[in-house]
Every structure is written in structure tokens, then in C-alpha cells.
Amino acid sequence: MTRIAFFIGLLTCFLLGNTLIAQRGKTIRGMILNEQDQPLSSCLVYLTADTLAAPLFFANTNASGKFSFSLDSLQKVWLQVRYLGYEPQKLALEKTDTAFIRLRMQPQQFDIKEVVIKDQKPPIVVHSDTVRYDLKYFRDSTEYNIEDVIKKLPGVQIDESGNIKVNGKDIIKVMIEGDDVFGHQYTLGTKNIRANMIDEVEVIDHYQGNAVLRDINQSKEMVMNLKVSKRLKIAPGGSLDVGMGAGSEWKYSLQSNLFSLASKNKILWLTNIGNTGNQFNTGELKAIYSDPESVDYRLTRPSITSFLNPVGIDNPGGVPNLFVDNSQNAFSTMRSVFTLKKNWKLQVNGTFGGKNDNQATAQQQQYLYDANTYFLKTARKNHISNLYYQGETTLNHTSKNANRSFFVYAQFQLSNDQSTQGIAQTLQNQLKDYRSFNQIQQAEFSIAGLYTQKMGKHSVGQVQFNVFQLKDTETLQSQNTAYPKYWNLDSSRTQLIQKLEAPYREGNFFLRYIFAKGSFSGEIETQNTFSRAQFLPHTQLLTTLDAATGFPINLGNSIVNRYLFQQVLKMSQNLNKRDQLNFRAVLGKQQIETHQPDTLARIPLLRVNANLEHKFADGGNAVFGYNYSVRSNTVQNFLTSAYLPDPYTLILLAPRFRTEGGQNLIFQYGRRNYTKFHSHYFRIQARFNENVWHENAFFAQSLQVVLPYFTSGNNSFGLAGNFDQFFPKQKLTLRFGGNVTSAKSFYGINNENTPILLKTVNFNIDLVHSFWRQFKLDFSNRFVLSQNTIATPGSLKNNLFSWKTDVSLLWRSKSWFAALVLNRTYFTNKGQNPVNLLTTTCRLRKQINFKNSKQANLMLNIYNLQNTRNFSSLQRSDYFLYLSTVEAIPAFFVLSLDIPL
């Protein structure tokens, strides 16, 4: 209760303080009159930062000649009025000005011989819930794709996986000209569309894609809309980028962006092939999912993970991928949207991905603070061959009167991942050599439908279904001389052949009723889910791989049936114009039945979410929330597989019938002020009394055995924030932010419930400045400091510090562009030598102009990793210390030609 009282007191102080500030916010109202004191309608009224600046806010007077603006009174702006046939009016507004203004327009006293209209758009324009960024103010020649430009926009943050946040809020979709062509796999577009093809970026808050719900259900979702270049809207076009280069091997790249964006039909074809490290690969094709409780029919697809972990590229420390990944990648996707008659839309998408690579990696793993207990060193030579296919189609219909809508969605996906490994393992100073072959084949199919019908002026009903099926086959062949010791067999049986079949099926059915009237809205939902997961392992040990029969090891087949029933209640009440109270409760039960051993368990399910949202007059928004949950797990979490992911790890069967859960408090405040071009937010979150499943590891001979481990009483506290400021006159962008985390958790170490304390501090600062028209500087720093303490006698501590710096210098002169990009990464860890990495990239671009006004670009890129060919990074875990090593790519260059089509 003391924690709750503390946060309530903090919230009260904050709301009262900001309410006093908000009261000083001002709404400017006024009336425009002609020379006879009669109202003038349709006058253009706008605000500017100074007399010559472009408009920040604009409006037209109504039939009574009135207008209204809301702005921060602590700033000075200019009110300007224009009307054909009258002299333009300008008025400086100070914080002491009256709240109602009357302006009398005077007729022009001369003949207009010529009118010249200059279109000067500001970098950022806000209109209602939409913020529009003009990319010409933020783009330069250092960008490779549109993601590189988006991350420069004020208030926008992008993590290493490509997930986008705006002022701390998740972007759930990235659309093209208003159409959702990527779904929740939006990195397909942001990582592949060329930067110079997009002119504007729109951020739309409270986006509601279902027209039937727009007047009933206020959405909390935020989306991003990309506005393509005008030349691509007129006729089919795009670009083709072809590159060749050399280093220790030949380098090549091909990237094409083809667009056909007619008013009714849209077709996009994106292709990215090469081995320069800039390619989009199959590991990035996983969908990006936000809130799992969303009613979007594409979000209810289960998250499936492989039991046999595919071998990938180990890229420690976040060094740019092109310095460590020389794999041959092939990626191509076609996205199409067709507008049919009678408000029907058809979307058809297809994606192909391939990856082929040879890579040398190594890892050193030791028990924290005592290498004599356990020390493992592994060197691998990997060959990877992965293929990925996906096809999906969506058909949706909305009636002309927006009273009903219907969606049908279908998807299939095929993947085949293969890896061959040569492994040299040193365990407790004993050297052993292994070879293994891994293969993962997955085929999945899903179909979903959502029907929405207005049931009255204030209510809507929905029916939704989802069917999902997965066929997973995984094969492992390996050689390990320690197998006889573990399985208690004779020493000749050193060859393992194991195959796992894991079919999985799931079906969901939803009924939903949504009601809204006045300041109140509510939603009732009934959900039924049934799933069936099977684990069918076949394991045998042989003397040699070509032996006729082997010694079978019966791990047993496992079947898990899960039935979930839950009721969801949502309510939202506007207390006044600025305060909204939201409440959500989920009550249900799940029944889990396993067939080995034959066990039946009934587990309750409960979630409670409540938050209070306050909107300040100055544009700020604050949310205080409380969450309590007894969470249900998916089938994959109830049962891990009896399988050997690599030659020395065994995951045992372990049903999980205890539920996870806990409580947390959240407070978040954010504000975007586009008259002063800055935004900021901060977030406080406290989790307490959480029950969590972990993976507990212990050692038997050369095997690391992993078992699920349940802990309770976990607590954590986190504080995060970010600030962005853009100065258009100085062409300067300043941003900084960070987070602080403190957690106390319990883990199973040597089969004991041991408390571990974790403290982490992250801080980043970014400065972008343009000097005149020729030079531009981009300087960013990322600091991470973490301390891990095992609360045992002596309080053993492990410290990790990393510092990553990026510096970009850009020079322009007429049609020539040159850039130098430096990346420095520094690691240090307790008891280890520091790691210091430096990468350099040089870029030279020549712009070629054609007679048809199109521009081509001839580019030379030179990449280099200094210090060493093999580099390492230090990584902290809960009770292990890792030292990862990957072979770096020697210096190379790529000469490419970018041609508009």
C-alpha cells in the first residue's frame, strides 16, 4: 500500500502542477469584419512563428466570420489574415493579449496586375490528430531507406528491430497513400523503400480503420502514412539500384522499387538482393505485433517459435550489420490493393526470401565469478541455407452508408531452414570435435473473418473467427562422444539422429457488442479458444550415421489440449472535456489436458486494467494506469520439447500448470508542441509481486539441461523519457533520452531460489546540425551501464559498460555529395579486457540530370572495420558471463548506379 500511496501522491502533485500551468494556456478567438463591419466568411487565418515564416496552424472563418486557435500563451506568434480584394493583416500576439480579437479588413486601393503565389510549407504541420512531416527538411544523401529518414524526425524513435514509436506510443501500421499494404510486417516497407521516393510522412493518432466504428468506438491506435513522390502518382515508376564491388570476395547488390499508384489500384514490388550486408533477410520477416488484445483479425495469430533454434549470424555489440554479414540474401515482395465495384477491396501479397551464408563464430561461457565450476568454449563454422515463402489475401467490403463491413483474411507460409556446423568444444579443458546438421521445416495456414454491423444509432455488433494450423518438422543429426555417459550406454554409440513432428491447431471465436452514447462507451466480448499441440519425437543412437538400426530412446509422445473461455468488459467515461476514465476486465478459465502423463487442470484467468487520461490545454497528455493479472500461457509455454537444440543441450518435458501474474503501476506524460517544434515524454512503471517462469539450467557431463523454473515475489521499477527539439532556422535537431531500471528477481541457480538485483542505466544524445548549405553534422551517443548482483554472502557483482558513438559528416556542392560515417563501440566488463571497435564508411555521390527532369545517382561506398578482423563483445546474463566473437568482413567497396524508372 505504501507504493500505491506514493504513486498516487506523485500523480496528484503532477496533475495539480500541470493544471496550474494549463490554466495559463490560451484559446485565441476572433472575428473578421469588412470595412462596413459585416462578417467575412472563408477568410484564410493562420499563425506563424514570425512575420515571414510559413504557417503553423491555419483555419477559415465560418459564416459568422469567426475563428478559433488554441496555443501556449508563453510564446509569441503572429496572427495573419488574407482575403482576396483586401489588404493582408498582421497582428503580433503576446501572452498579455485579450482572448477575443476583432480585425477589420481594408479594401485594396490599387489594381492587381500580377499575382505570384509562393508555396512555402513548414517542416511540420499539425491538423487535429494528424502530424505531417515534410521530408525535404530532414533528408540528406546518407539515407539508404525510408527508415533512415523516419528516425531523424522529431519525436520518432526506432529500435534495432525496426519497431517505431512516436513520443513513446507504438506505431501499429505503416500505410502507403492510405492503404495498409504491409499489415503488421511494416518493416517490409520501411527497410526496403528508397528514401527519395517518399515526400511526406503522416502520423495519425486515434486511427480507426473500420468505417462502421468511427462514430462509435474511439480508437487508441497510432499509424504512419507514407506519401510518395508526385511523379509516382502520375504514372508507374520507381527506381533500380545496381552495384558491384570487391574486397576479399566479389560484392554485388540489386535493389528495385516499382510503384503503380493509380487512384483505385496500387501495386508495389520491392526486391533486395546481394551480399553487402544492407539486404533485408529472412530473419526480419516476422510480423510485428502490438497489443495482443486488439480486435484486428490479423493479431490473433499465435506466436510460434521453433524448438530447434536456427543457426544465425552472431553480431555482438550492435556493430553495423554490413561489417559482419556477408551472406547472400534474396528478398522480393509484391503488395497489391485493388478497388472493386460496390465498395469492395481486394489485397493480394506474395513474399519470397532466401539466405545462404558461411560464417565463423565463437563463444566463451563461464559460471559467473568461478570458471572452475563451469567453463565452456565453443568455436563454430556454420553454413546456413534458409528459404521463406508467404502468400496472403484480404477481401473487405464496407456498405455505402457505413452500416456494415466484412473482412476475410487468408495466409499461408512455408519455410525451410538448414544449417551445417563444425564445432570445436572445450569443456573444463577437455577438447572435443562435433559435426551437426539441423533442419526446420514449417508450413502454416490461417484464415480469419470479421463481420461488423450497426445495430442502432449508438451500438455495433461484431462476429469474428480465426483458424490456424501449423505443421512443424525438425531434424537433428549430430556427433557427440559424451552421449554414452549421459544415456548410460556403451561408448560406441556416438551418433544421434532425432526427428520431431509438432503439429499444432487453434481455433478462436469472438462475439462482441460495442455501445457508445454521449460521454460513455462500453464493450462486451465473449471469446472461445481451442487448441491442440502434439510433440512427437523420434530419437535413436547409432555407432555410425550409416548404421542400419540404432538404439531407440523412448521420450514419449505428448499431446496438450487447451480450452479457453473468457469474458471481456471495457468501459470508457469522459468525466469532462479533458479527463477520461478507462476500465477493462477479463475474467475466464482455461482447461488444460495432457496425455503424458494424463493430467487435467483448470486454471483461472483474470486481468484488470484501469487508467485515467488527462489532456492539458497546452497539448500535453498524461495517463495513470493500474494493471493486475493472472495470466494464461499459450500451449507452447505449458510444455517444452524433449529435444536437443544443439549437441550439448537437452530440454526436458515439463508441464506448466502454475500461472504467471502480477501488478504494475504506470504513469506517462507526453507533449508535442509544433509551434516550437519540440516534443517530450516520460514514463514511470513499477511492477511488483510478479510470478514468472524462467529457464533453470544445470550441468550433467557435457550436457546443459534446461528446466522451467517458477518464481514469485519479483519486483522492478523503471523510468524512461525522451526529448526532441528542432530549430528550423538554424537547421538544428537536438534529442536526448534514456531509461533507468532497477529490479529484484529470483532465479534458480544450482537448484536454489536465489535473489538477483539488476540495475541498468541507458542514456542517448543526438545532435544534427546543418552549416550553410554545404555541410551537415550528425553526432549521436549511446551509453549503457548495468550492474548485476547475486544477493549471497559477499554480494557478488558483475558490471557492464558500453559506449557507442556515431558521427556522420556530409558535404554538398552542386551535384556532388560526400559523406563520412564513423562508428565507435566500446565495451568493458568486470574482470575482462575492454573491447574497442571502430568502423568507417565513405560515400561519394554524383547526381546526373536527364532532359526529362529525372535524376540518376552514381555512388561509391567504401566500408572498413579497423582494429581487427575478429572482434568480440562482452555480454551479461543472470549468472553466466559470455564473450562472443564473430569474424568481421575485410574492407570492401561498392560502386552502384541508381536509375529512376
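Residues numbered from 1 in each chain as written. Predicted model: local features only at pLDDT ≥ 70, side-chain atom pairs only at ≥ 80, totals over all residues. Heavy atoms only, no water.

**Student:** Provide a residue-level description of the overall build of the protein, including the pertinent values.
**Tutor:** A tally of helices and strands in the protein yields six helices and 46 strands. Within the protein, the proportion of its 901 residues that are buried is 50%. Looking at the protein alone, contacts between residues at least 24 apart form 64% of all its contacts between residues at least 6 apart. In the structure as shown, the protein presents an accessible area of about 42,000 Å², 56% of it carried by carbon and sulfur atoms. (Helix = DSSP H or I, 4+ residues; strand = E, 2+ residues; numbered from the N terminus. Buried < 20%, exposed > 50% of the residue type's maximum accessible area, 1.4 Å probe, protein only. Contact = heavy atoms within 4.5 Å. Areas by Shrake-Rupley, 256 points an atom, 1.4 Å probe, with all protein chains shown as cover.)

**Student:** So what about the side chain of K152? Which residues, and what values?
**Tutor:** Structurally, the position occupied by K152 is in the loop between α2 (146-150) and β10 (156-158). In contact with K152, not counting residues within four places along its chain, are F138, D140, T142, E143, R735 and D778.

**Student:** Let's hear about the pattern of salt bridges: which residues, and what values?
**Tutor:** Applying the stated criterion to the full structure yields 22 salt bridges. Among the salt bridges present, the one from K570 reaches E523, with a minimum N-O distance of 3.9 Å. Within this pair, whereas K570 is found in strand β28 (residues 558-574), its partner E523 is found in strand β26 (residues 520-542), the two being separated by 47 residues in sequence. The class for K570 is partly exposed, based on a relative accessible area of 24%. Several salt bridges converge on common partners, so that one network encompasses R512, E523, E525 and K570. (Salt bridge = Lys/Arg side-chain N within 4 Å of Asp/Glu carboxyl O.)

**Student:** Provide a residue-level description of the sheet that holds strand β6 (residues 89-93), including the pertinent values.
**Tutor:** Overall, antiparallel pairing links the four strands, which are arranged β3-β2-β5-β6 in an open sheet. Each edge of the sheet is formed by a strand with only one pairing partner; in this case those strands are β3 (57-60) and β6. Between one strand axis and the next, the sheet turns through 20° on average, direction left out of account. Bridge count for strand β5 (residues 77-82) against β6 is five bridges, and the pairing is antiparallel. Within β6, the residue paired with V77 across the bridge is L93. (Pairing = 2+ DSSP bridges. Axes fitted to C-alpha atoms, helices over the stretch in contact; angles between N-to-C directions.)

**Student:** I'd love a proper account of the pairing of strand β40 (residues 796-813), names of residues and values included.
**Tutor:** Across 16 bridges, strand β39 (residues 775-790) lies against β40 in antiparallel orientation. By the bridge assignment for β40, F779 is matched with V807. The pairing of β40 with strand β41 (residues 816-829) spans 14 bridges and is antiparallel. The partner of S802 across the bridge, within β41, is F827. Taking the residues between adjacent antiparallel strands as the criterion, β40 and β41 are bridged by two residues, where K814 takes a positive phi near 55°.

**Student:** Any details on the pairing of strand β9 (residues 130-134)? Residues and values, ideally.
**Tutor:** For β9, the tally of buried residues reaches four of five residues, placing the bulk of the element in the interior. Pairing analysis gives four bridges linking strand β8 (residues 124-127) to β9, with the strands arranged antiparallel. Bridge pairing in β9 places H127 opposite T130.

**Student:** Now, about the sheet that holds β9: what can you tell me, with residues and values included?
**Tutor:** Read across the open sheet, the seven strands follow the order β8-β9-β13-β14-β12-β11-β10; overall the sheet is mixed. Both outer strands of the open sheet, β8 and β10, are each paired with one neighbouring strand and no more. On average, adjacent strands in this sheet sit at an angle of 30° to one another, irrespective of strand direction. When β10 meets strand β11 (residues 164-166), the two strands line up antiparallel, connected through three bridges. The partner of Q157 across the bridge, within β11, is K165.

**Student:** Now, about the packing of aromatic side chains: what can you tell me, with residues and values included?
**Tutor:** Counting across every chain of the model gives 17 aromatic pairs. Measuring from centroid to centroid gives 4.7 Å for F280 and F331, while their planes differ by 50°, and the two rings are tilted. Here the residue F280 occupies a position in the loop between β17 (265-274) and β18 (328-340), and F331 occupies one in strand β18, the gap between them amounting to 51 residues. Ring centres 6.2 Å apart and planes at 45° place the aromatic pair Y669 and F682 in the tilted group. One end of the pair, Y669, is in strand β34 (residues 660-673); the other, F682, is in strand β35 (residues 678-700), with 13 residues separating them in the sequence. Among the aromatic side chains, those forming a connected cluster through ring pairs are F616, F667, Y669 and F682. The ring of F892 has K251 sitting right over it, with the charged end atom 4.6 Å from the ring centre. The positively charged end of R845 is found above the aromatic ring belonging to F817, 3.9 Å away from the centroid. (Phe/Tyr/Trp six-rings, centres within 6.5 Å; stacked < 30°, edge-to-face > 60°. Lys NZ or Arg CZ within 6 Å of the ring centre and 35° of its normal.)

**Student:** Now, about the nonpolar core: what can you tell me, with residues and values included?
**Tutor:** Of all hydrophobic cores here, the largest spans 59 residues; its most connected members are I32, L79, Y133, F182, I193, M224 and L226. The element that contributes the greatest number of residues to this core is strand β14 (residues 222-228), accounting for four residues. Beyond its immediate chain neighbours, meaning those up to four positions away, I193 contacts N145, I146, I176, F182, I198, L226, N257, F259 and L270. Ranked by size, the runner-up nonpolar core spans 18 residues in total, among them L308, I440, Y504 and L644. (Core = buried A, V, L, I, M, F, W, Y, C linked by side-chain atoms within 4.5 Å.)

**Student:** Run through the side chain of N145, naming residues and quoting values.
**Tutor:** Looking at where N145 falls in the secondary structure, it is placed in the loop between β9 and α2. A distance of 3.1 Å separates a polar side-chain atom of N145 from the backbone oxygen of K191. Setting aside chain neighbours within four positions, we find N145 in contact with T190, K191, N192, I193, R194 and A195. (Polar contact = N/O pair within 3.5 Å; in protein donor to acceptor, adjacent residues only side chain to side chain.)

**Student:** Summarise a nonpolar patch on the surface; cite the residues concerned and give the values.
**Tutor:** A cluster of nonpolar side chains, contributed by I848, F850, L858, I862, F893, L895, L897, I899 and L901, occupies part of the molecular surface with about 700 Å² of accessible area. Breaking the nonpolar patch down by element, the ones donating at least two residues are β43 (855-866) and β46 (892-900). At four residues, the largest contribution of residues to the nonpolar patch is made by β46. Along the chain, F850 falls in the loop between β42 (835-849) and β43. Taking relative accessible area as the criterion, F850 reaches 42% and is therefore assigned partly exposed. (Patch = residues over 30% accessible without salt bridge, like charges linked within 9 Å, V, L, I, M, F, W, Y side chains within 5 Å.)

**Student:** Got a sec to walk through unusual backbone geometry? Specific residues and values, please.
**Tutor:** Leave glycine aside and you will find that most residues have negative phi; peptide bonds, for their part, are mostly trans. Phi is positive for H206, close to 55°, though the residue is something other than glycine. Mapping H206 onto the fold places it in the loop between β13 (198-205) and β14. Positive phi is not limited to glycine here, since A402 has a value of about 55°. Of note, A402 is situated in the loop between β20 (375-398) and β21 (404-427).

**Student:** Now, about the environment of P107: what can you tell me, with residues and values included?
**Tutor:** Looking at the secondary structure, you find P107 in the loop between β7 (100-104) and β8. Residue class for P107 comes out partly exposed when judged on its relative accessible area of 25%. It is 4.2 Å that separates the C-alpha atoms of P107 and Y86, two residues lying 21 residues apart in sequence. When residues no more than four places from it in sequence are discounted, the contact partners of P107 are E35, G85, Y86 and E87.

**Student:** Quick one: what's the story with the environment of D766, residue by residue and with numbers?
**Tutor:** Examined against the element boundaries, D766 turns out to sit in strand β38 (residues 752-771). Take D766: its relative accessible area is 11%, and that puts it in the buried class. Remark: the alpha-carbon pair of D766 and F736, spanning 30 residues in sequence, is separated by 6.1 Å. Residue contacts for D766: discarding those within four places in its chain leaves T733, L734, R735, D778, F779 and S780.

**Student:** Mind laying out a positive patch on the surface, listing which residues take part and the relevant values?
**Tutor:** On the surface, K264, K341, K342 and K400 cluster together into a positively charged patch. Positionally, K264 belongs in the loop between β16 (250-261) and β17. (Lys, Arg positive; Asp, Glu negative; His and termini not counted. Charge placed at Lys NZ, Arg CZ, Asp CG, Glu CD.)

**Student:** So what about the environment of K577? Which residues, and what values?
**Tutor:** Here K577 lies in the loop between β28 and β29 (579-595). Look at K577 and you get exposed, because its relative accessible area is 87%.

**Student:** Break down the confidence of the model for the protein for me, with residues and values.
**Tutor:** Confidence in the prediction for the protein averages 81 pLDDT; 85% of positions are at 70 or higher. Note that pLDDT drops below 50 for residues 1-24; the model gives that stretch 26 contacts with residues more than four away or on any other chain. (pLDDT = per-residue confidence, 0-100.)

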